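Structural overview for review
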Number of protein chains: 2
Amino acid sequence: MISPLLTDLYQLTMAFGYWKLRIHEREAVFHLIFRNQPFKGHYSVAAGLQTVVEFLEHWHFSESDLAYLRGLNAPNGNPLFTPDFLDYLATLRFSCDIDAIPEGTLVFPQEPLLRVRGPLLQCQLMESTLLNIINFQTLIATKASRVCEAAMGDSVLEFGLRRAQGPDGALSASRAAYIGGVTATSNVLAGKQFGIPVSGTHAHSWVTVFSDEKTAFSAYASVMPDNCVLLVDTYSTIQGVKNAIAIGKALHEKGHKLLGIRLDSGDMATLSQTARKLLDEAGLIETKIIASNNLDEESIKQLKKDGAAISVWGVGTHLVAAFDTPALDGVYKLSALRDEHGQWEYKIKLSEQMLKVSNPGIHQVRRFMQDGVPLRDVIYDVDHGMSSDAPHVDLLQPVFRQGQRVMLPESIHAMRERTLREVNLFKKSPHEKKYPVELESQLSQIKQNVIGDVLKKNKSEFS
Amino acid sequence: MISPLLTDLYQLTMAFGYWKLRIHEREAVFHLIFRNQPFKGHYSVAAGLQTVVEFLEHWHFSESDLAYLRGLNAPNGNPLFTPDFLDYLATLRFSCDIDAIPEGTLVFPQEPLLRVRGPLLQCQLMESTLLNIINFQTLIATKASRVCEAAMGDSVLEFGLRRAQGPDGALSASRAAYIGGVTATSNVLAGKQFGIPVSGTHAHSWVTVFSDEKTAFSAYASVMPDNCVLLVDTYSTIQGVKNAIAIGKALHEKGHKLLGIRLDSGDMATLSQTARKLLDEAGLIETKIIASNNLDEESIKQLKKDGAAISVWGVGTHLVAAFDTPALDGVYKLSALRDEHGQWEYKIKLSEQMLKVSNPGIHQVRRFMQDGVPLRDVIYDVDHGMSSDAPHVDLLQPVFRQGQRVMLPESIHAMRERTLREVNLFKKSPHEKKYPVELESQLSQIKQNVIGDVLKKNKSEFS
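Computed from a predicted model, the values in this text were never measured in an experiment.

Moving on, we get to the packing of aromatic side chains. All names here are of chain A. Summed over all chains, the structure comprises 32 aromatic pairs over all chains. On the basis of an interplanar angle of 70 degrees and a centroid distance of 5.7 Å, the ring pair of Tyr43 and Phe426 is categorised as edge-to-face. With a gap of 383 residues between them, Tyr43 in the loop between β1 (27–33) and β2 (44–45) and Phe426 in helix α15 (residues 412–426) connect regions that are remote in the sequence. For the pair shown, Tyr43 and Phe426 are each scored as buried. Here the aromatic rings of Trp206 and Tyr220 are separated by 5.4 Å at their centres, their planes lie at 90 degrees, and the arrangement is edge-to-face. Here Trp206 is found in helix α9 (residues 204–209), whereas its partner Tyr220 is found in helix α10 (residues 213–223), with 14 residues between them in sequence. Of the residues examined, Trp206 reaches a relative accessible area of 0% and is grouped as buried.

All right, on to the side chain of Gln50 of chain B then. Residues and elements named next belong to chain B. Along the chain, Gln50 turns up in helix α2 (residues 49–57). Here Gln50 falls in the buried class, since its relative accessible area comes to 16%. Those residues within four positions of Gln50 in sequence are excluded, and the remaining contacts are Glu103, Arg175, Arg405, Met407 and Met415.

A few words now on the pattern of salt bridges. Enumeration according to the criterion identifies 57 salt bridges over all chains in this entry. Note that Asp394 of chain A and Arg366 of chain A form a salt bridge whose closest N and O atoms lie 2.7 Å from each other. Highlighted residues: Asp394 of chain A in strand β16 (residues 392–394) and Arg366 of chain A in strand β14 (residues 363–370), separated in sequence by 28 residues. Of the residues examined, Arg366 of chain A reaches a relative accessible area of 9% and is grouped as buried. One salt bridge in this structure joins Arg338 of chain B and Glu27 of chain B, with 2.7 Å as the shortest N-O distance. Placement of Arg338 of chain B in strand β12 (residues 331–338) and of Glu27 of chain B in strand β1 (residues 27–33) is noted, with a sequence separation of 311 residues between them. A relative accessible area of 23% places Arg338 of chain B in the partly exposed class.

What follows is about the sheet that holds strand β15 (residues 373–381) of chain B. Residue and element names in this part refer to chain B. The sheet built from 4 strands is open, its strands ordered β16-β14-β15-β19 with mixed pairing. At either margin of the open sheet sits one strand with a lone partner, and together these are β16 (392–394) and β19 (437–439). On average, adjacent strands in this sheet sit at an angle of 25 degrees to one another, irrespective of strand direction.

This brings us to the sheet that holds strand β15 (residues 373–381) of chain A. Residue and element names in this part refer to chain A. With respect to topology, 4 strands assemble into an open sheet ordered β16-β14-β15-β19, the strand pairing being mixed. A single partner strand is all that each edge strand has here, and the edge strands are β16 and β19 (437–439). Here the strands of the sheet are splayed against their neighbours by 25 degrees on average, with no regard to which way each runs. This element, helix α16 (residues 441–457), spans β14, β15 and β19 of the sheet and lies at about 60 degrees to β19.

Thresholds applied
Residues numbered from 1 in each chain as written. Chains lettered and ligands numbered in written order. Predicted model: local features only at pLDDT ≥ 70, side-chain atom pairs only at ≥ 80, totals over all residues. Heavy atoms only, no water. Phe/Tyr/Trp six-rings, centres within 6.5 Å; stacked < 30°, edge-to-face > 60°. Helix = DSSP H or I, 4+ residues; strand = E, 2+ residues; numbered from the N terminus. Buried < 20%, exposed > 50% of the residue type's maximum accessible area, 1.4 Å probe, protein only. Contact = heavy atoms within 4.5 Å. Salt bridge = Lys/Arg side-chain N within 4 Å of Asp/Glu carboxyl O. Pairing = 2+ DSSP bridges. Axes fitted to C-alpha atoms, helices over the stretch in contact; angles between N-to-C directions.

As structure tokens, then:
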């Protein structure tokens, strides 16, 4: 369970302000969007929603949370919060409406992945946690999808635990990587928590425990005859392959199989070709060659190009640390707030960069398609609607209504299948390299009006 | 509590193998080292030990862990583990000796940050978890120290929650960033869990809630007069500064202070200079200027160079995602194992890259110093010892003996002080840019002998 204290302090000081000014229950709408595709890619894979749902289903300030807040002081030593505000937090229960794009859906910049509608104070308090969960899982699902695409249907195993950002960084990464398309994880706890297949055999340390590699391989095969993948590069790769072949033949004679050998260093294109030849000559045609060693989508593509005889890819560091774009730039912006008369006021944040000017309103994303192939997305305002005859789906689906979960549970396997299906359809899109996301024309006009209004009210020289 | 299942599956399959072969209780020695300084830097800051201690103090397979393992199958459908092995795991209690370099100490490639000595099976099972914890926290403490150095004594606030790797990625990052030298975090749960100061005031959303910026600032000052930092760039920065000044004067008249203004976009060197001038002219000379917006050590250095009038730095994404080196390359290698007669056998892993050939033996790191300034480090074998008259300290300190904690608790503030002190001393080192880490001569000779022996036993063409 994630505590509601997993938030930035300013969310709590603002919440206090809203409460003090008695505007904390005004109905507000916030959207969570990202602004740029990570990895210089053409799509992202939505992920993290189930984690958000679990967080919100248990969203409640405990006695110990409130005791901690009671002890916080302003720089001059005065208490930061008043006791009556903390009493209010103690009674607070999550009561918002949330709509979200299902995990495994392909998503694009400016599209709301989540829409949160409810009392201003609640919407504000959950901002940091939602961003933390959605930014990271979407980032990793996207990276995983790119790696799986490079592997062209080969199995990809996620090995990132030791290089991930702490225990839960690793768990979140394993979950998101599976949604993005990997076949299995090495992380046993992720397997247990999320029902993801787990995979693993032995490391270099197993080999160094024994007096020599042959003895080590033989010992491993004797204790794990049904799960035998031998790591062949502890001392010298080709000698290692030969030692593994001897074991493979012995296993075969006893009715077992050498499932694979693993290469973890050196020129893996050449080494894998030589290894394949040696394995085939020995009749071990079913023994797979697995590669690991700082792999990412680019090195996998290059190895494929160089004719590497590799059919399983172990990917760790570059996947879980999202090496080339280590953070998704998701933000969460207020876009509508009821005034004291109950009328919606549409809201924006300005910026000198047009990309950073937020969109006002209450949004839905409509995806137009032909034979399942996505053609373009349009962001529209739900109160103004959008008329369209062409085949489409609306991407945001109800998740919570007044704090009650309405979204049906979905298995992580179904999410992964969605990713694989959508990536394949997306490749047929005429706009694969630059997928169009438009603001619906009424919403676009509304945005211009709101910008004009804000500029007038703030008498600013902004243009 | 971190479950012992937070490990790679191959650790469990190897553990099963050791147990099956009855070598699981042989005494082994493993070292955790890293190979390259991250961020093209000259030092790293050790961090994560306390998290490791808490993990190991509660290291125990629960009934539900064992039930999960019972259900795991090999690819052919046979159970991966036997019931008697799982019964053994159920009885297992942590009983190793651990020595480690205290958190906040400056460390260098090839030096063991941890030495683990105990039954082979236990040492093996904890590998992935120790790497996960130490790699990430050391990485972030190092990045934080670099950012603080760039800030030249100014306060640095860690704002990274929304861009960190999941909930615990954020918590671990906040902890490590504080050890590395930051002043406070925005992450309230990190504040509660680790006793780190927390900091925060308001975001753009606060400003957009109100009809205009002046009203928003005035509302914030009315509810939080003792914790008032105004974010001035929602619509137009200079106009925002003027609005903030009006509020600052009003606060002052009521006996409060405008603590600061925050800039979050635009040309922050010029904007901060203009803002400083306007604040000073208004008599608000104590009001600080805080900057945030994708800052890192390089942009802070540049802003300092450009004469920015900024004295507090909010650093988020680039710090917690360690943008330019998103993973530390720590590894964990077997270096000694008792044979069936109880004699130590020294162990290595070979590699074509000399840097990746591990060091055999049971290690300690000796740091030679003059007036507290570090001169060079020497890795030596504790059984062979090292004679040296020059002033020195041995860095690895006892943490556990036979599974019992012997290390005294240390506050996170003391760890942070150690970092700040050591960084200052290190700057006086004659070898600051290329700090020497040597293998003691006897150990170096042992390493050559072990390499020769391994090559002979494996009849390899390796050279």
